[in-house]
Amino acid sequence: MSASKPHILVVDDEPNVLVTYRLILQQQGYEVSAAISSEEARNCLQKGGVDLLLCDLSLEKQQSGFDVIDFGRSIDPGLRAVLLTGYASVEANDRAEDENIPVLFKPIDIQQLLQMIADLLRVNDESKEAHGS
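Basis of the calculations
Residues numbered from 1 in each chain as written. Predicted model: local features only at pLDDT ≥ 70, side-chain atom pairs only at ≥ 80, totals over all residues. Heavy atoms only, no water. Phe/Tyr/Trp six-rings, centres within 6.5 Å; stacked < 30°, edge-to-face > 60°. Lys NZ or Arg CZ within 6 Å of the ring centre and 35° of its normal. Buried < 20%, exposed > 50% of the residue type's maximum accessible area, 1.4 Å probe, protein only. Helix = DSSP H or I, 4+ residues; strand = E, 2+ residues; numbered from the N terminus. Arc of directions from axis to C-beta. Contact = heavy atoms within 4.5 Å. pLDDT = per-residue confidence, 0-100. Pairing = 2+ DSSP bridges. Right-handed = clockwise from strand over helix to strand, strands pointing away. Patch = residues over 30% accessible without salt bridge, like charges linked within 9 Å, V, L, I, M, F, W, Y side chains within 5 Å. Areas by Shrake-Rupley, 256 points an atom, 1.4 Å probe, with all protein chains shown as cover. Salt bridge = Lys/Arg side-chain N within 4 Å of Asp/Glu carboxyl O. Lys, Arg positive; Asp, Glu negative; His and termini not counted. Charge placed at Lys NZ, Arg CZ, Asp CG, Glu CD.

Draft legend 1. Examining the packing of aromatic side chains more closely. For the coordinates displayed, the defined rule picks out zero aromatic pairs. When the ring centre of phenylalanine 71 is taken as origin, the NZ or CZ atom of arginine 42, which lies over that ring, is 5.4 Å away.

As C-alpha cells, then:
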C-alpha cells in the first residue's frame, strides 16, 4: 500500500473551509476526507488509514480539535496532526507545543500549509521505514 496517495482528514465546522481545503489538497494529489463535526471525524478515524489530520481548534461547544486529535492518537499513537485556528489562547498554544502539534493561524497561508503537510508526511514515511512497516 506504499504506492497509495497519502490520506488527509480535514475537520472544520465551516462547510466552505472544508470544500476549499479538499479541492486544494486533491489538486496536490492527496486522498482527502472531510468531516464537519467531531463525530464525523471520529467515524473516519475509526476506519483507519488516515496519514495526517488537519483539525480546527474550535468545533462544537463541548469538543475541540484537541479532543479529535486525542481520539485519533488513541487509535494510532503516531498520528500526525495540525491544529488550524483563527485564534488560540496561550494555554492552547502551550498544549499544542507540549503534544507536538503544529498550529496554523487562519487565514491559512496555503503554501505554508502545503509545506507543513509535505514535511509531516515525510517524517511519517521515514518513521514507518525505520520501524519496518
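Draft legend 2. Up close: helix H3 (residues 65-75). Regarding H3, the residues found buried are Gly65, Phe66, Val68, Ile69 and Gly72. Angularly, the buried residues of H3 cover 160° about the axis, an arc narrow enough to put them on a single face. Where H3 is buried, its residues contact strand E1 (7-11), helix H2 (38-47), strand E3 (52-56), strand E4 (80-85) and helix H4 (90-98).

Draft legend 3. Inspection of the confidence of the model for the protein at higher detail. Confidence along the protein averages 91 in pLDDT terms, with 92% of residues attaining 70 or more. Mean pLDDT across the elements of the protein ranges from a minimum in helix H5 (residues 110-130), with 85, to a maximum in E1, with 98.

Draft legend 4. The pairing of E4, seen in detail. Counting buried positions along E4 gives six out of six residues, so the element sits mostly inside the fold. Judged by which residues are buried, E4 turns out to be covered on both faces: Arg80, Val82 and Leu84 on one side and Ala81, Leu83 and Thr85 on the other are all buried. As judged from the five bridges shared by E3 and E4, these two strands associate in the parallel manner. When the sheet's bridge partners are listed, leucine 52 is paired in E4 with arginine 80. Viewed along the sheet, the connection from E3 through H3 into E4 turns out right-handed. Once you follow E4 into H4 and on to strand E5 (residues 103-105), the crossover reads as right-handed.

Draft legend 5. Spatial organisation of a negative patch on the surface. Together, Asp13, Glu14, Glu39, Glu40 and Glu60 line one region of the surface with negative charge. Tracing the backbone shows glutamate 39 in helix H2.

Draft legend 6. The arrangement of unusual backbone geometry in detail. The linkage connecting lysine 106 with the following residue, proline 107, adopts the cis geometry, with an omega of -5°. Tracing the backbone shows proline 107 in the loop between E5 and H5. Phi at asparagine 100 is positive, roughly 60°, even though this residue is not glycine. Assignment of secondary structure puts asparagine 100 in the loop between H4 and E5.

Draft legend 7. Molecular detail of H2. Among the residues making up H2, those that are buried are Ser38, Ala41, Cys44 and Leu45. Down the axis of H2, the buried side of the element spans an arc of 120°, and every buried residue falls inside it. Across from the buried face of H2, at angles greater than 90 degrees, the exposed residues are Glu39, Gln46 and Lys47. Of the surrounding elements, those touching the buried residues of H2 are E1, strand E2 (31-35) and H3. Looking one or two places after H2, you find glycine 48, whose phi comes out positive at around 85°.

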